[in-house]
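The chain contents come next:
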Amino acid sequence: MTTISLAPRNIVRDTVTDGLLAGAISGVALVWRGRRDSTPAAPLNAVSHWIWPRQGLQREDLSWRHTATGTLIHVASSMLWAGVFDLLRSRRRRPTPLNALADAAAVTALAATVDLKLVPQRLTPGFEHKLSRPSLTLVYGGFALGLALGGLVALRR
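This is a predicted model, so every value here is computed, not measured.

Draft legend 1. Expanded view of the packing of aromatic side chains. A complete count under the given rule lists one aromatic pair for this structure. Look at Phe127 and Tyr140: their rings are 6.1 Å apart centre to centre, the planes differ by 55 degrees, and that puts the pair in the tilted class. Separated by 13 residues along the polypeptide, Phe127 in the loop between α5 (97-118) and α6 (133-156) and Tyr140 in helix α6 bring together distant segments of the chain. A residue is classified by how much of its surface remains accessible, and Tyr140, at 10% relative accessible area, is buried. For the cation-ring pair, Arg33 lies above Trp32, with the distance from its terminal atom to the ring centre recorded as 4.9 Å.

Written out as structure tokens, the structure reads:
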């Protein structure tokens, strides 16, 4: 028995939407929790350690060089994980709001594991050096929320 999709998916559009939502919500969480744990800009600056290893992790204040670069890397990483999410969503026979939430949670758990445990130190997000564990949980929770919202938006199309 074949399954007929009622609405064709546009994976590129969905990935951009989901990546921007996840990146924006988790980015707000980075700034919010950075304000509590260090400084608002420090977690985003830390992401720039990919390009500037020492300065990115040490810079605490707002900086075009570090904050903007860290933000761009964060959004690009969000797009990558959104692509994984949308690939998973495209494999669903019957996409539902419930499995959109489950898929967002699964991809976020995978992203956190890869980010914080599997990649070499040079490729970690960096913000784990500036945030407490509860703050990291909120950042990744915001990321999952963004993916799930994107999945729900795609269902409404």
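Draft legend 2. Focus on the packing of helix α1 (residues 11-37) against α6. In the contact formed by α1 and α6, the axes pass within 8 Å of each other and the chain directions differ by 155 degrees. Comparing their axes, α6 and α1 come out roughly antiparallel. Crossing geometry of α1 relative to α6 is assigned as right-handed. From α1, Asp14, Asp18, Leu21, Ala22, Ile25, Ser26, Ala29, Leu30, Trp32, Arg33 and Asp37 reach across to α6, where they touch Ser135, Leu138, Val139, Gly142, Phe143, Leu145, Gly146, Leu147, Leu149, Gly150, Gly151 and Ala154. Residues belonging to the contact of α1 with α6 are distributed by class as follows: 13 nonpolar, six polar and four charged.

Draft legend 3. Structural detail: helix α4 (residues 64-90). For α4, with 27 residues, the first-to-last C-alpha span of 37 Å sits near the 39 Å given by 1.5 Å per residue. Within the span of α4, buried status applies to His66, Thr67, Thr69, Gly70, Ile73, His74, Ser78, Trp81, Ala82, Phe85, Asp86 and Arg89. Contacts made by the buried residues of α4 are with α1, α2 (42-47), α3 (53-58), α5 and α6. Capping the start of α4, Ser63 holds a side-chain oxygen 3.2 Å from the backbone nitrogen of Arg65, two or three residues further along.

Rules behind the numbers
Residues numbered from 1 in each chain as written. Predicted model: local features only at pLDDT ≥ 70, side-chain atom pairs only at ≥ 80, totals over all residues. Heavy atoms only, no water. Phe/Tyr/Trp six-rings, centres within 6.5 Å; stacked < 30°, edge-to-face > 60°. Helix = DSSP H or I, 4+ residues; strand = E, 2+ residues; numbered from the N terminus. Buried < 20%, exposed > 50% of the residue type's maximum accessible area, 1.4 Å probe, protein only. Lys NZ or Arg CZ within 6 Å of the ring centre and 35° of its normal. Axes fitted to C-alpha atoms, helices over the stretch in contact; angles between N-to-C directions. Parallel < 35°, antiparallel > 145°, perpendicular 65-115°, else oblique. Left-handed = near helix turned anticlockwise from the far one by under 90°. Contact = heavy atoms within 4.5 Å. Nonpolar A, V, L, I, M, F, W, Y, C, P; charged D, E, K, R; others polar. Expected span 1.5 Å × (residues − 1). Polar contact = N/O pair within 3.5 Å; in protein donor to acceptor, adjacent residues only side chain to side chain.

In short, the description is geometric, and any link to function would need to be established separately.
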